[in-house]
Amino acid sequence: MSFLEIILIAVGLAMDSFAVSITAGLILKEFSSKHFIRIAFYMGFFQALMPVIGWMIGVSFKHYIVSFDHWIAFLLLLGLGGKMIYDDLKCVDECCCFDPQKRLVVMGLALATSIDALVIGVNFAFLDMSIIMPIYTIGIVSFVLSLIGVFVGCHLGTKVKMKFTLIGGVILIGLGVNILNEHLSQAS
């Protein structure tokens, strides 16, 4: 997997965190570096931690499914991307009732938005990849995008209306199709 693909995966994974960070910024409404850093740190930390856990799970049973792992990677990315698109399309009100000033609330949101990163970690194990570069990339991209998200939400408020989760879902589905295409073309 190329560095560009890892960046695209990181951006795709960070879209949930970015959307939650924008919402947090909307709720905060005033600049506070303490809250900006806390939200971005937890989002980046959990997005980096979950692939490691998934990778460890994947490595432990990879040898049982090596002949069809590319199909699993494709189906997992398709499912994750599809779920992100579905969730984005069914969501009417982006602003939810949570207090982004509370550490446990932010940790819970960071954990919830990073579950898909666990599955990506399993995919990395199936693809026989080293986990080091992807986790740093995913963590840094999530941190930066979350920091930007809080800033955007805080300063621009309701002027920004983009479907960030939808974009992330499309990216993950595209990567799944690419992985499947690469493995099928290598097999023939």
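Preceding block: the structure.
Source: prediction; values computed, not measured. Within each chain, residues carry numbers counting from 1 in the order of the written sequence. It should be noted that, the model being predicted, local features are given only for residues of pLDDT at least 70 and side-chain atom pairs only at 80 or more, the latter also being counted only at that level, while totals for whole chains, interfaces and linings use all residues. Note that the side-chain values use all heavy atoms of the structure and ignore hydrogens as well as water.

A. Here's a closer look at the overall build of the chain. Only DSSP runs of H or I covering at least 4 residues are called helices, and only runs of E covering at least 2 are called strands; the numbering of each starts at the N terminus. Looking only at helices and strands, one finds seven helices and zero strands in the chain. Across the chain, helices and strands are ordered from the amino to the carboxyl terminus as α-α-α-α-α-α-α. Contacts between residues were defined by any pair of non-hydrogen atoms, one from each residue, lying within 4.5 Å. By sequence separation, contacts in the chain at least 24 residues apart represent 92% of the contacts at least 6 residues apart.

B. The arrangement of the packing of aromatic side chains in detail. The aromatic pairing rule takes the rings of Phe, Tyr and Trp, using the six-membered ring of Trp, and pairs them if the centres are within 6.5 Å, calling planes under 30 degrees apart stacked, those over 60 edge-to-face and the rest tilted. Scanning the entire structure with this criterion turns up four aromatic pairs. Judged by centre distance (5.5 Å) and plane angle (85 degrees), the ring pair of phenylalanine 45 and phenylalanine 46 falls under edge-to-face. Note on phenylalanine 46: relative accessible area 12%, which makes it buried. Through a chain of ring-to-ring contacts, three or more aromatic side chains come together here, namely Phe41, Tyr42, Phe45 and Phe46. Think of it in three bands: residues with accessible area under 20% of the maximum for their type are buried, residues over 50% are exposed, and the middle band is partly exposed, with areas taken using a 1.4 Å probe on protein chains only.

C. Expanded view of the side chain of threonine 137. Within the secondary structure, threonine 137 is located in helix H6 (residues 132–156). Those residues in contact with threonine 137, other than ones at most four positions away along the chain, are Phe3, Ile6, Ile7 and Ala10.

D. Quick peek at unusual backbone geometry. Phi is positive for aspartate 128, which is not a glycine, with a value near 60 degrees. Positionally, aspartate 128 belongs in the loop between helix H5 (115–126) and H6. Look at aspartate 128 and you get exposed, because its relative accessible area is 61%.

E. Looking closely at the packing of helix H1 (residues 3–28) against helix H2 (residues 33–61). All axes are obtained by fitting lines to C-alpha atoms, using only the stretch in contact for helices, and the reported angles, taken between N-to-C directions, cover 0 to 180 degrees. Relative to each other, H1 and H2 sit at 160 degrees, their axes nearing to 11 Å. Classified by the angle between their axes, H1 and H2 sit roughly antiparallel to one another. As H1 runs across H2, the sense of the crossing is right-handed. Between H1, through Leu13, Ser17, Val20, Ser21, Ala24 and Leu28, and H2, the contact on the second element is made entirely by His35, Ile39, Met43 and Gln47. By the definition adopted for this analysis, an angle is roughly parallel if under 35 degrees, roughly antiparallel if over 145, roughly perpendicular if from 65 to 115, and oblique otherwise. We call a crossing left-handed when the near helix sits turned anticlockwise from the far one by less than a right angle, and right-handed when that turn is clockwise.

F. Region of the structure containing the packing of H2 against H5. Two elements in contact, H2 and H5, have axes separated by 6 Å at closest approach and are oriented at 40 degrees. On the basis of the axis angle, H2 is oblique to H5. Considering how the two elements wind past one another, H2 and H5 form a crossing that is right-handed. Between H2 and H5, the residues in contact are Gln47, Met50, Pro51, Ile53, Gly54, Trp55, Gly58, Val59 and Phe61 and Ile115, Asp116, Ala117, Leu118, Gly121, Val122, Phe124, Ala125 and Phe126, respectively. When grouped by side-chain class, the residues that make up the contact of H2 with H5 number 13 nonpolar, four polar and one charged. Residue polarity is assigned by list, with Asp, Glu, Lys and Arg as charged and Ala, Val, Leu, Ile, Met, Phe, Trp, Tyr, Cys and Pro as nonpolar; anything else, Gly included, falls into the polar class.

G. Focus on the nonpolar core. Ranked by internal contacts, the top residues of the largest apolar core, which has 23 residues, are Ile9, Leu13, Ile120, Phe124 and Leu145. At the level of secondary structure, the elements contributing two or more residues to this core comprise H1, H5, H6 and helix H7 (164–187). The element that contributes the greatest number of residues to this core is H1, accounting for nine residues. Setting aside its immediate chain neighbours within four residues, isoleucine 9 contacts Met1, Ile120, Phe124 and Leu175. Definition used in this section: a nonpolar core is a set of buried Ala, Val, Leu, Ile, Met, Phe, Trp, Tyr and Cys residues joined via side-chain atoms within 4.5 Å. Listed in part, the twelve residues of the second largest apolar core include Leu28, Phe36, Tyr42 and Phe46.

Worth remembering: the numbers are spatial, not functional.
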